[in-house]
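Per-entry structural report
Residue-level listing of the chains:
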Amino acid sequence: MTRGDRVLIIGGGLAGLATATALAPLGFKITLLEARQRLGGRASSFQDAGSGQLLDTCQHVSMGCCTNLAHFCRTLGIDHLLAPQPSLYFMTPDGKVSPFHADRLPAPLHLARSFARAHYLTWNEKARIAYALLRLRQADATSDPPFLDWLVRHGQTPRTIDRFWGVVLTSALNESPERIGLRYARKVFVDGFLRHRRGFEVSVPTVPLGRLYGEELQRWCSRQGVELRLNGAVRALAIEDNRVLAARTRQEENLEADWYVCATPFDRLLGLLPQEATDRHPYFTNLRRLETSPITSVHLWYRGAVTHLPHVVLVDCVGQWMFNRGESAPGEFYVQIVVSAARHLRGLGRDEIERRIVAEMASLFPAASSDRLHRARVVTERAATFSAVPGVDAWRPSPASPFENLFIAGDWTATGWPATMEGAVRSGYLAADALLRRMGRVTPSFVQPDL
Ligand SMILES: Cc1cc2nc3c(=O)[nH]c(=O)nc-3n(C[C@H](O)[C@H](O)[C@H](O)COP(=O)(O)OP(=O)(O)OC[C@H]3O[C@@H](n4cnc5c(N)ncnc54)[C@H](O)[C@@H]3O)c2cc1C
């Protein structure tokens, strides 16, 4: 049985980083290999050639119910770089806004007054939604039938689905209501809106993700003695007698460790292992059944401020969220519009996507007329997250792989969460738990309790 303390982590996204933050303080000798020249994985930034600014590939938000992400940020001392938003602003194509904030009533009634005032739903629609929310809360948390069928069976109309359920779920799960299962739809509403007053509270980083999960984490790793190798892509894992012997890098270096944690996207994991090994185990073959969903973000720079609102949730619009990033250069104001589950934009081309979003912004905000638009940039992540289709958990692997000294992390593993930063951090903590268990060490779980 393996006893040593050398751990090799492959992948410097939040999952791999969370494993490192769990194990490093316990005295493990950790090497973290990241293929790119930056940390953060999908939650990262890039240098925009047009402005020289560090831009997030896409705005990332977390919610109050993300207890493991919050713990991770506290551990690293970066929690002060997240700004909680006490109110959410919902806007319709006519420019009308309904704010949502918690009042003094206990959960699940803390948002009832804001919901009652929402201008974009009739009283009849609100009553239908309230009834379905009640039934959803009582629904079996483990069953996962198609959610759209469930909604229709529980009295929901095309308008309540479009204007309420779809607005929340498409952004939270990066999937459209007709493709998702009940399990994660229920989780979004119960954990986010019904169980705890603070569950729905959205936090937005005040600095680019490249600083939040990049530079700050690099500093933390060097303080903790974690050896970081950027541009350190692993090409293959050598397997013998049901164990990983070494990780071979693209530079043909063989790196040996006692334990390996692979925290790459699932398609990369399959590419690292010998095919005869992955074909043998349902643990790996099931991964071929996971599907992914794209996200498009449109970055716009205007001459002059567009709105005083910090963000807007868009109802019945092409864009789903607008984030107001304020003055990015003297006289230049930066906003970002996010379209989740963006399959319907596929094939339109960047210019057409930009044209539609710019026209929508101009109709929503008088100050966003196209003659004040300075620059625009469209970014699409084609495989942004796995799709939470009905029954998806049957294909998501637990952290302990069939190989004795190989553990798996990533937002797509069996975390009980959809593909989010919270899911990624949880998976990293779960991988650390599993590794310690296999060593025979009895320690409390790294996974944090729910709100
Ligand atoms: C556009 C977009 C918007 C999103 N918005 C939100 C949001 O608002 N809120 C939220 O909670 N979540 C959001 N997410 C999801 C969130 O980004 C992910 O769930 C999370 O970052 C996944 O982390 P991870 O560590 O599991 O995977 P990744 O971030 O994909 O990390 C995997 C890492 O492995 C590295 N790697 C791959 N192959 C190799 C190799 N062979 N050798 C070494 N390294 C390798 C990759 O370079 C990468 O850094 C969004 C995702 C996208 C794409």
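Everything quoted here is computed from the prediction, not taken from an experiment. (Residues numbered from 1 in each chain as written. Predicted model: local features only at pLDDT ≥ 70, side-chain atom pairs only at ≥ 80, totals over all residues. Heavy atoms only, no water.)

Some remarks on the site of the ligand
Convention followed: The criterion for a residue being near a molecule or strand is simple. One of its heavy atoms has to lie within 4 Å of it. Polar contacts, as used here, are pairs of N or O atoms within 3.5 Å; protein pairs need one atom able to donate a hydrogen and one able to accept it. Residues neighboring in sequence count only if both atoms are side-chain atoms. Three categories are distinguished: nonpolar for Ala, Val, Leu, Ile, Met, Phe, Trp, Tyr, Cys and Pro, charged for Asp, Glu, Lys and Arg, and polar for the others, with Gly belonging to the last. Annotation comment: domain bounds sourced from an automatic or database domain assignment.
Lining the immediate surroundings of the ligand are 34 residues, of which E34, R42, H60, V61 and D411 lie closest. In this structure, a nitrogen atom belonging to the ligand sits 3.1 Å away from a main-chain N or O atom of A35. Separating a nitrogen atom of the ligand from a backbone N or O atom of V61 is a distance of 2.8 Å. When its residues are assigned to classes, the shell around the ligand shows 17 nonpolar, eleven polar and six charged. Mapped onto the domain boundaries, the shell around the ligand takes at least three residues apiece from domain 1 (6-44 + 208-290 + 391-439) and domain 3 (292-386).

A word on the sheet that holds strand β20 (residues 406-408)
Selection criterion: One bridge is not enough; two strands pair if DSSP finds at least two bridges between them. Working definition: helices are DSSP H or I runs of at least four residues, strands are E runs of at least two. Numbering for both runs from the N terminus. Interaxial angles span 0 to 180 degrees and are taken between N-to-C directions of axes, which are lines fitted to C-alpha atoms, for helices over the stretch in contact. Every residue pair with non-hydrogen atoms within 4.5 Å of one another is taken to be in contact.
Strand order in the open sheet formed by five strands is β10-β2-β1-β14-β20, and the pairing between neighbours is parallel. Edge strands, defined here as strands with exactly one partner in the open sheet, are β10 (227-229) and β20. Neighbour to neighbour, the strand axes of the sheet diverge by 20 degrees on average, direction disregarded. Summarising the sheet, strand β1 (residues 6-10) and strand β2 (residues 29-33) pair through five bridges and their orientation is parallel. Across the sheet, I10 pairs through a bridge with L33, a residue of β2. Contacting β1, β2 and β14 (259-262), helix α1 (residues 14-23) crosses the sheet at an angle of about 170 degrees to β2.

With respect to empty space enclosed by the protein
Rules: In this analysis, the protein atoms alone were mapped onto a 1 Å grid. Cavities are point sets where a 1.4 Å probe fits without being able to get out; pockets are open sets with protein on both sides within 12 Å along at least five of seven lines; lining residues have an atom within 4 Å of a point. Grid points are joined across faces, edges and corners, and a volume is the space filled by probe spheres set on the points.
Tallied over the entire structure, the rule returns one cavity of 30 Å³ or more. Roughly 50 Å³ of internal volume is contained in the largest cavity. Here the residues of the lining of the largest cavity sort into three nonpolar, one polar and three charged.

Some points on the nonpolar core
As a reminder of what qualifies: Throughout, nonpolar core names a set of buried Ala, Val, Leu, Ile, Met, Phe, Trp, Tyr and Cys residues whose side chains join them through atoms within 4.5 Å. Note on classification: 1.4 Å probe, protein chains only; a residue is buried when its accessible area is under 20% of the maximum for its type, exposed when over 50%, partly exposed between these limits.
Counting residues in each nonpolar core, the largest one holds 71 residues, and the members touching the most others are F147, W165, L169, F189, L237 and L406. Take this core: its biggest share by element is seven residues, from helix α6 (residues 158-173). Excluding its chain neighbours within four sequence positions, the residues that come into contact with W165 are I129, A132, L133, L136, F147, L151, Q156, T160 and F189. Counting residues in hydrophobic clusters, the runner-up holds 49 residues, among them I9, L32, L209 and W259.

Focus: the packing of helix α4 (residues 123-138) against helix α7 (residues 182-194)
Our working definition: Roughly parallel here means an angle under 35 degrees, roughly antiparallel means over 145, roughly perpendicular means 65 to 115, and every remaining angle is called oblique.
Contact geometry of α4 with α7 gives a least axis separation of 10 Å together with a crossing angle of 105 degrees. Here α4 is positioned roughly perpendicular relative to α7, judged by the angle of their axes. Side by side, α4 and α7 meet where L133, L136 and R137 of the first sit next to L182, A185, R186, F189, V190 and L194 of the second. Here the contact of α4 with α7 is built from residues that sort into seven nonpolar, no polar and two charged.

Brief notes about the sheet that holds strand β8 (residues 97-101)
Pairing in this open sheet of seven strands is mixed, and the strands run β8-β7-β16-β17-β18-β15-β19 from one edge to the other. Looking at which strands have only one partner, the edges of the open sheet turn out to be β8 and β19 (373-386). Strand after strand, the sheet turns through a mean of 25 degrees between neighbouring axes, direction not considered. With eight bridges joining them, strand β15 (residues 292-303) and strand β18 (residues 332-339) adopt antiparallel strand pairing. When the bridges of β18 are listed, V298 appears paired with I337.

Concerning the domain arrangement of the protein
For the record, the criterion: The term buried area means the drop in 1.4 Å probe accessible area that two parts suffer when joined, counted for both and summed. Salt bridge, as used here, is a side-chain nitrogen of Lys or Arg placed within 4 Å of a carboxyl oxygen of Asp or Glu.
Segmentation of the protein into domains returns domain 1 (6-44 + 208-290 + 391-439), domain 2 (103-197) and domain 3 (292-386). One C-alpha centre belongs to domain 1, the other to domain 2; they are set 34 Å apart. Counting residues at the interface gives eight residues for domain 1 and seven residues for domain 2. Summed over both sides, the interface between domain 1 and domain 2 buries roughly 560 Å², with carbon and sulfur atoms accounting for 51% of that surface. Summed over the shared surface of domain 1 and domain 2, the number is one salt bridge. Inspection of the region where domain 1 meets domain 2 yields four residue pairs in polar contact (both at pLDDT 80 or more). Within the side of domain 1 that touches domain 2, the residues separate by chemical class into three nonpolar, three polar and two charged.

Examining the state of the cysteines
Threshold: Cysteine sulfur atoms are paired as a disulfide whenever they fall within 2.5 Å.
Summed over all chains, the structure comprises zero disulfides. C262 carries a free sulfur, and the closest cysteine sulfur to it, the one in C221, is 17 Å from it.

Some thoughts on the packing of aromatic side chains
Filter applied, for reference: Pairing of aromatic rings covers Phe, Tyr and Trp, the last counted by its six-membered ring, and requires centre-to-centre distances within 6.5 Å; plane angles under 30 degrees mean stacked, over 60 mean edge-to-face, and any other angle means tilted. Whether a charge lies above a ring is judged from NZ of Lys or CZ of Arg, which has to be within 6 Å of the ring centre and within 35 degrees of the ring normal.
Inspection of the entire model under this criterion finds 16 aromatic pairs. Measuring from centroid to centroid gives 5.0 Å for F164 and W165, while their planes differ by 85 degrees, and the two rings are edge-to-face. Judged by relative accessible area, which is 0%, W165 ranks as buried. Here the aromatic rings of F189 and F193 are separated by 5.9 Å at their centres, their planes lie at 40 degrees, and the arrangement is tilted. Remark: F193 and F189 occur in helix α7; sequence separation between them is four residues, near one turn of the helix. Pair check on accessibility: F189 and F193 agree, each one buried. Taken together, the ring pairs in this structure connect F115, F147, W150, F164, W165, F189 and F193 into an aromatic cluster. Sitting over the face of the ring of W123, K126 holds its NZ or CZ atom 4.7 Å from the ring centroid. Note that R375 overlies the ring of W301, its terminal NZ or CZ placed 3.9 Å from the centroid.

Here's the deal with the pattern of salt bridges
A complete count under the given rule lists 30 salt bridges for this structure. The shortest N-O distance in the salt bridge between E404 and R243 comes to 3.0 Å. Of this pair, E404 sits in the loop between β19 and β20 while R243 sits in strand β12 (residues 243-249); the two residues are 161 residues apart in sequence, bridging distant segments of the chain. The class for E404 is partly exposed, based on a relative accessible area of 30%.

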